[in-house]
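Coordinates in review
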Amino acid sequence: MLAGLRPSWSSPGPLLRRFLIGIYNTLSLRFAAGLFPQQSRRVISFLNGLPSPVVLAEYGPTGCYLLDSCLRTDTPLYVHFHGYDASLLMGRELWLRHYRRLFQLCDGVIVPSVFLRSKLVAAGCDNTKISVCPCGIDPEFFATGSQRPSGIVAVGRLVPKKAPLNTIKAFGLIAERFPQTRLHFIGDGPLLEACRDGIAALGLQRRVLLYGAQDHENVARFMSEAAIFVQHSVTAANGDTEGLPVSMLEAMAAGLPVVSTRHAGISEAVVGGVTGLLVEEHDIDAMAAAMAELLNDPARAGKMGKAGRERVLKNFTLEKSAMCLRSAMKLTVDSSLR
C-alpha cells in the first residue's frame, strides 16, 4: 500500500522526469534522508487512518526516509537492518550522519546477528535499543531428502561479498580427486561472466554448473539432492558484508553440512565441527580441504547435516523469528501482523 515511496532515476517514466528525480535525490540526501512532500503526506494520511500503527522499516535507509513521518504522527518506528545497510553504507559519512539521527529518534533497531549489532554500536547506536532477531525459515519446506554423495550446492547472488570465484577455485583444487562430483551454482548477479570465465580457465565446464536465479521450489529440490552446501562469504572491497545468509539456514534445514567462512553472523548459525566446517576468508586451500574432508567421510557429513537441521528447528524457524520481532516491537499477538 505504500510501495514506491521514494522514486529513483530507474523508476518508470519519461527520461527527463527520471533525470530530475535523480538530481533531487542526490541533493536532498546532503541535507535530510526524507521523502518527497507528496509521499510524506501520503504516509502521514495512511498512518493517521490506522488505530494503533507501529512501523517496521526494512533496511536502514527506509527507516531514515520514514522517520519524520513517524515523528509527526507519533508512530513508533523500528528499523530492521540486514547487511549492506549496516556495513557498506556505514563507510559513507553522509549515511552515517543520517543514521546517527535515526538511532537517536527511532524506537528500536533490529538486526539478524550479534555481528551487525556490534557494527551499529560502533556507529553510535545505543546498545539498549538494539534487538538481535535471527532470520527465520520454514524448515519443513526444506525437508531432508536422499542426498547425492557427490553433489555440492551453492545458493546466492553472484556478488563480491559471496566471492563465488573463491568457491570455484577451491572446487578446482579437488576436482581431479573426486571425478564424480559436481558443483551446482544457483544465483545470478554482476559476477556471472567472471564466473563463466573462471570455470573455463580451469576447464570445469562440465563440473561447475551455473543455473541462474531459481524459484524457491527448485532451490529446495537442489538442496534435497546435494551432499554439501558451500559459500565463501567475505568482506567486499567496498565494505559490504553479510548479515546472516538465509540460504545457509535453508541448507541446514535440508540436512546439509555447511562449508563456509568465519564471516559476519555465519559463525552464529554454523557451529564449526558440529554443523559444518568454517575457514578464514580468502583461504581457498582451506575451503578445498574442508570440502574434501566431508566428501571423503559421508557418515560425518550426514551427522553434521542432522545436527544442522536440529539447530535450525531450535533457533531459526519463522515462528521464533516472528516471536522475537513482536517482542522487540513490544507487540502482543493480537496487535501483531496476525
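As a starting point, this report considers the structure included with it. All values reported here derive from a predicted model rather than from experimental measurement. (Residues numbered from 1 in each chain as written. Predicted model: local features only at pLDDT ≥ 70, side-chain atom pairs only at ≥ 80, totals over all residues. Heavy atoms only, no water.)

**Describing the side chain of threonine 181**
Examined against the element boundaries, threonine 181 turns out to sit in the loop between helix 6 (164-174) and strand 6 (182-186). With residues up to four places along the chain from it excluded, the contact list for threonine 181 reads Ser150, Ile152, Phe171, Arg207 and Leu295. (Helix = DSSP H or I, 4+ residues; strand = E, 2+ residues; numbered from the N terminus. Contact = heavy atoms within 4.5 Å.)

**Concerning the packing of aromatic side chains**
This structure, assessed with the given rule, holds 8 aromatic pairs. Both rings, one in phenylalanine 81 and one in phenylalanine 103, keep their centres 6.1 Å apart while their planes meet at 50°; by these two values the pair is tilted. Linking phenylalanine 81 in the loop between strand 2 (77-80) and helix 4 (93-105) with phenylalanine 103 in helix 4, this pair joins segments that are 22 residues apart in sequence. An identical accessibility class is assigned to phenylalanine 81 and phenylalanine 103; each is buried. Ring centres of phenylalanine 141 and phenylalanine 142 lie 5.2 Å apart, and the angle between their planes is 70°; on these two criteria the pair is classed as edge-to-face. Of the residues examined, phenylalanine 142 reaches a relative accessible area of 2% and is grouped as buried. Chaining the aromatic ring pairs together yields one cluster made of Tyr65, Phe81, Trp95, Tyr99 and Phe103. Stacked on the ring of phenylalanine 222, the Lys or Arg arginine 221 has its end atom at 4.7 Å from the ring centre. (Phe/Tyr/Trp six-rings, centres within 6.5 Å; stacked < 30°, edge-to-face > 60°. Buried < 20%, exposed > 50% of the residue type's maximum accessible area, 1.4 Å probe, protein only. Lys NZ or Arg CZ within 6 Å of the ring centre and 35° of its normal.)

**Some remarks on the sheet that holds strand 8 (residues 228-230)**
Strand order in the open sheet formed by 6 strands is 7-6-5-8-9-10, and the pairing between neighbours is parallel. Each edge of the open sheet is held by one strand with a lone partner, namely strand 7 (208-210) and strand 10 (276-279). Put simply, the sheet's adjacent strands are angled 20° from each other on average, direction ignored. As defined by bridge partners, strand 5 (residues 151-155) adjoins strand 8 across 2 bridges and the pair is classed as parallel. (Pairing = 2+ DSSP bridges. Axes fitted to C-alpha atoms, helices over the stretch in contact; angles between N-to-C directions.)

**Observations concerning the sheet that holds strand 4 (residues 130-132)**
Taken together, 4 strands build an open sheet; the order of strands is 1-2-3-4 and the sheet is parallel. Lying at the two open borders of the sheet, with one neighbouring strand each, are strand 1 (55-58) and strand 4. Strand-to-strand twist of the sheet, defined as the mean angle between neighbouring strand axes without regard to direction, takes the value 25°. Sheet topology note: the strand 3 (residues 108-111)/strand 4 ladder contains 3 bridges and is parallel. Paired with isoleucine 110 across the two strands is serine 131, which belongs to strand 4.

**As for the nonpolar core**
Counting residues in each nonpolar core, the largest one holds 32 residues, and the members touching the most others are Phe171 and Met291. Mapped by element, the contributors of at least two residues to this core are strand 5, helix 6, strand 6, helix 7 (192-201), strand 8, strand 10, helix 11 (284-296) and helix 12 (298-315). With 8 residues, helix 11 is the single largest residue contributor to this core. Aside from chain neighbours lying at most four places away, what touches methionine 291 is Ile152, Thr167, Ala170, Phe171, Ile174, Ile228, Val230 and Val259. (Core = buried A, V, L, I, M, F, W, Y, C linked by side-chain atoms within 4.5 Å.)

**Brief notes about the pattern of salt bridges**
Inspection of every chain in the model, using the stated rule, returns 9 salt bridges. A salt bridge links glutamate 225 to arginine 221, with the shortest nitrogen-to-oxygen separation between them at 3.8 Å. The partly exposed category is assigned to glutamate 225, whose relative accessible area is 26%. (Salt bridge = Lys/Arg side-chain N within 4 Å of Asp/Glu carboxyl O.)

**Here we look at the packing of helix 9 (residues 246-253) against helix 12**
Where helix 9 contacts helix 12, the axes come no closer than 7 Å and their chain directions differ by 115°. For the pair helix 9 and helix 12, the contacting residues are Leu249, Met252 and Ala253 in the first and Gly305, Gly308, Arg309, Arg311 and Val312 in the second. Among the residues making up the contact of helix 9 with helix 12, the classes are represented as 4 nonpolar, 2 polar and 2 charged. (Nonpolar A, V, L, I, M, F, W, Y, C, P; charged D, E, K, R; others polar.)

**Thoughts on the pairing of strand 1**
Residues Val55 and Ala57 line the buried face of strand 1, whereas the alternating positions Leu56 and Glu58 sit on a face that is not buried. As paired strands, strand 1 and strand 2 are joined by 4 bridges and run parallel to one another. Opposite leucine 56, over in strand 2, you have tyrosine 78 as the bridge partner. Following the chain from strand 1 across helix 3 (residues 60-72) to the adjacent parallel strand 2, one finds a crossover that is right-handed. (Right-handed = clockwise from strand over helix to strand, strands pointing away.)

**Things to note about the state of the cysteines**
One pass over the structure, following the stated rule, counts 1 disulfide. In this structure cysteine 125 is a free cysteine whose sulfur lies 6.3 Å from that of cysteine 106, the closest cysteine sulfur available. Left without a disulfide partner, cysteine 135 is nearest to the cysteine sulfur of cysteine 133, which lies 9.8 Å away. (Disulfide = S-S within 2.5 Å.)

**Description of the environment of arginine 262**
Within the element layout of this structure, arginine 262 appears in the loop between strand 9 (258-261) and helix 10 (266-269). On the basis of relative accessibility, which here comes to 45%, the residue arginine 262 falls in the partly exposed class. Residues arginine 262 and histidine 232, 30 residues apart in the sequence, show an inter-C-alpha distance of 9.2 Å. Not counting residues up to four positions away in its chain, the partners in contact with arginine 262 are Leu278, Val279, Glu280 and Glu281.

**Let's talk about the pairing of strand 2**
Neither face of strand 2 is left uncovered, since the one carrying Leu77 and Val79 and the one carrying Tyr78 and His80 both have all their residues buried. Where strand 2 lies against strand 3, 3 bridges are found, and the strand directions are parallel. When the sheet's bridge partners are listed, tyrosine 78 is paired in strand 3 with glycine 108. Chirality of the crossover, the property in question, places the unit of strand 2, helix 4 and strand 3 among those that are right-handed.

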